[in-house]
Amino acid sequence: MSLIRVETDQLLVEQTSYDKAQPALQKFIADMDADRSSFFHLPARSSWAQEIERLQPSLAQRMPEVDTFIHLGIGGSSLGAETIIRALAPVKAPTFHFLDNIDPDHLWDVLEQTAPARTLVYAVTKSGTTMETLSQLIFIYQWLEKHLGAETAKKHLVFCTDPDKGALRQLAGQWNVPTFDIPTNLGGRFSALGPVGLFPALVAGIDCKGLLRGAYEYRENFLKQISEKQVPAAVDLAYRLVQHYLRHDRNITVLMPYSQKLKCLSSWFTQLWAESLGKGEKGMTPIPATGATDQHSILQLLRDGPHDKVVGFVEIMGFQHLLELKWQGPRLDAFEAVSGITLNQLMDAEFNATRQVLTNNKRPYFTVSLPRLNANTLGQLLYFFEVLTAVAGYCLEIDPFDQPGVEEGKKLTQERIRACKKNQVT
Ligand code: PA5
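Nothing here was measured: the structure is a model prediction, and the numbers come from that model.

## Examining empty space enclosed by the protein
All chains considered together, the criterion is met by 2 cavities of 30 Å³ or more. Arg-250, Leu-302, Lys-309, Val-310, Val-311, Arg-363 and Pro-364 are the residues that line the largest cavity. Sorting elements by how many residues they give to the lining of the largest cavity places strand E9 (residues 309-318) first, with 3 residues. Taken together, the residues of the lining of the largest cavity sort by class into 4 nonpolar, no polar and 3 charged. Estimated volume of the second largest cavity: approximately 40 Å³. Every residue lining the second largest cavity is listed: Phe-39, Leu-42, Pro-43, Phe-190, Ser-191, Ala-192, Leu-193, Gly-194, Tyr-383 and Glu-386. Only helix H2 (42-45) and helix H16 (375-396) provide two or more residues apiece to the lining of the second largest cavity. Class assignment of the residues belonging to the lining of the second largest cavity gives a composition of 7 nonpolar, 2 polar and 1 charged.

Below you can see the structure in the form of structure tokens.
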């Protein structure tokens, strides 16, 4: 077991003592034990193996011919799954489309380049009623039906939703569509390591057990530290980020993994952080970034802008491939400068240069380091950020697991659509 490492010595508030962490931590653990949200104990209590066994016969009929996987879902029903796929899917995996928007032109373009006969559609909605997801499902089903006929079209569908409630669950029963259960108390943005993310991972050929194992190891270590009266890194960081916000007005959190494969992690984190913590007139605004790309975008602001940010880096210490640069063209200084090194060395230099810029200018940051990017470390990383976010919610004394703003948006959209239909009729 090699755990991800969290370095916090460039934060500007002192390390969290066990006593300081106690109130939030105790409440968090008590709520997790009472199943307030099942994300925390999920790695130890995951029903993934049973779910796969239950659905295996019907999935087997759907899987062999798949070269395109269309994931329908929005927010927490999409971003965690996409993060896993973009980080770990092997090059030979099917093509994955994450349709988390209802842009008609985009949907059209995706379907134009897709063969219906070799497409698997995974519709994910916890509530089973989200309009964006259901309307995409309607359109894609029409497309499948047109090309394949009604009976075959249904064989290209797999669903993931609440075990009992919602329209998608009802449709699953009527059409006999294999359907994964999202535990009732597992909120969308905390569900990456449930079937929302694991089924796409399975289709891609990613080690699902490894993802769960990583999260499990992180949880074991977390609980062990608490039992030894130590402050786990996720708790220390949550507490200190909240202190930066409450005491120093640093109300912006930038997440900047130095990895193209983790670009989507920043978007997933943005949703997790914003939707969990933005409540009761409190919250820290997340900004997604990617290194080294955004050194040429956001770094100037991080260095010289207002003192309202804390930056989080994610570092992969060992990339899978070592790419050597050997320039044999005309003698030009700028080309010679990067010849004789590896791209890996350049990435490392860029990463450390950015951190140095922040250190030189007394801008606070933390770094999460992964020895390598694989199923185990990604499982740990996702779980770490989930715990970090939930505990930050407890430190802020808000409920990190609800999302009344999102629900209001859904309700008002439904009302507008009803009004729109009424106008069409009259
Ligand atoms: O994290 C959340 O709870 C939300 O972002 C939901 O995932 C999002 O609104 C989609 O909801 P549903 O899964 O019910 O379609």
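After that view of the structure, there is still more to cover.
## Observations concerning the packing of helix H4 (residues 79-88) against helix H9 (residues 195-204)
The N-to-C vectors of H4 and H9 enclose an angle of 25°; their axes lie 8 Å apart at closest approach. Viewed along their axes, H4 and H9 adopt a mutual orientation that is roughly parallel. Considering only the axes of H4 and H9, their crossing is right-handed. Mapping the contact onto sequence places Ala-81, Ile-84 and Ile-85 in H4 and Val-196, Gly-197, Pro-200, Ala-201 and Ala-204 in H9. A breakdown of the residues in the contact of H4 with H9 according to their chemical character gives 7 nonpolar, 1 polar and no charged.

## Observations concerning the site of the ligand
In the vicinity of the ligand, 15 residues are found, and the nearest of them are Ser-77, Thr-125, Ser-127, Thr-130 and Gln-271. Between the ligand and Thr-130, the relevant distance is 2.5 Å, taken from an oxygen atom to a side-chain nitrogen or oxygen of the residue. Gln-271 has a polar side-chain atom sitting 2.6 Å from an oxygen atom of the ligand. Relative to its unbound accessible area of 380 Å², the ligand is 93% covered by the protein chains. Classifying every residue of the shell around the ligand by side-chain character gives 2 nonpolar, 9 polar and 4 charged.

## Description of the layout of surface pockets
Gaps between atoms show up when a probe of the same size as a water molecule is rolled over them. Taken as a whole, the largest pocket holds about 670 Å³ of empty space. Lining the largest pocket are 26 residues, and of these Lys-261, Ile-316, Phe-319, Gln-320 and His-321 lie nearest its centre. Secondary structure elements with two or more residues in the lining of the largest pocket: H4, E9 and helix H15 (343-360). As for the second largest pocket, its lining consists of 24 residues, and the residues nearest its centre are Thr-130, Gln-403, Val-406, Glu-407 and Lys-410.

## Here's the deal with the packing of helix H11 (residues 233-248) against H16
Relative orientation of the contacting elements H11 and H16 amounts to 45°, with a least axis distance of 8 Å. By the angle class used here, H11 and H16 are oblique. Like other packed secondary-structure pairs, H11 and H16 cross with a definite hand, here right-handed. In this structure, H11 uses Ala-233, Ala-234, Val-235, Leu-237, Ala-238, Tyr-239, Leu-241, Val-242, Tyr-245 and Leu-246 to contact H16, whose residues at the interface are Phe-384, Val-387, Leu-388, Val-391, Ala-392, Cys-395 and Leu-396.

Rules of the game
Residues numbered from 1 in each chain as written. Predicted model: local features only at pLDDT ≥ 70, side-chain atom pairs only at ≥ 80, totals over all residues. Heavy atoms only, no water. 1 Å grid on protein atoms, 1.4 Å probe; cavity = no way out; pocket = protein on both sides within 12 Å on 5 of 7 lines; lining within 4 Å. Points joined across faces, edges and corners; volume = space filled by probe spheres on them. Helix = DSSP H or I, 4+ residues; strand = E, 2+ residues; numbered from the N terminus. Nonpolar A, V, L, I, M, F, W, Y, C, P; charged D, E, K, R; others polar. Axes fitted to C-alpha atoms, helices over the stretch in contact; angles between N-to-C directions. Parallel < 35°, antiparallel > 145°, perpendicular 65-115°, else oblique. Left-handed = near helix turned anticlockwise from the far one by under 90°. Contact = heavy atoms within 4.5 Å. Near = heavy atom within 4 Å. Polar contact = N/O pair within 3.5 Å; in protein donor to acceptor, adjacent residues only side chain to side chain. Areas by Shrake-Rupley, 256 points an atom, 1.4 Å probe, with all protein chains shown as cover.

Read these as spatial facts, not as claims about activity.
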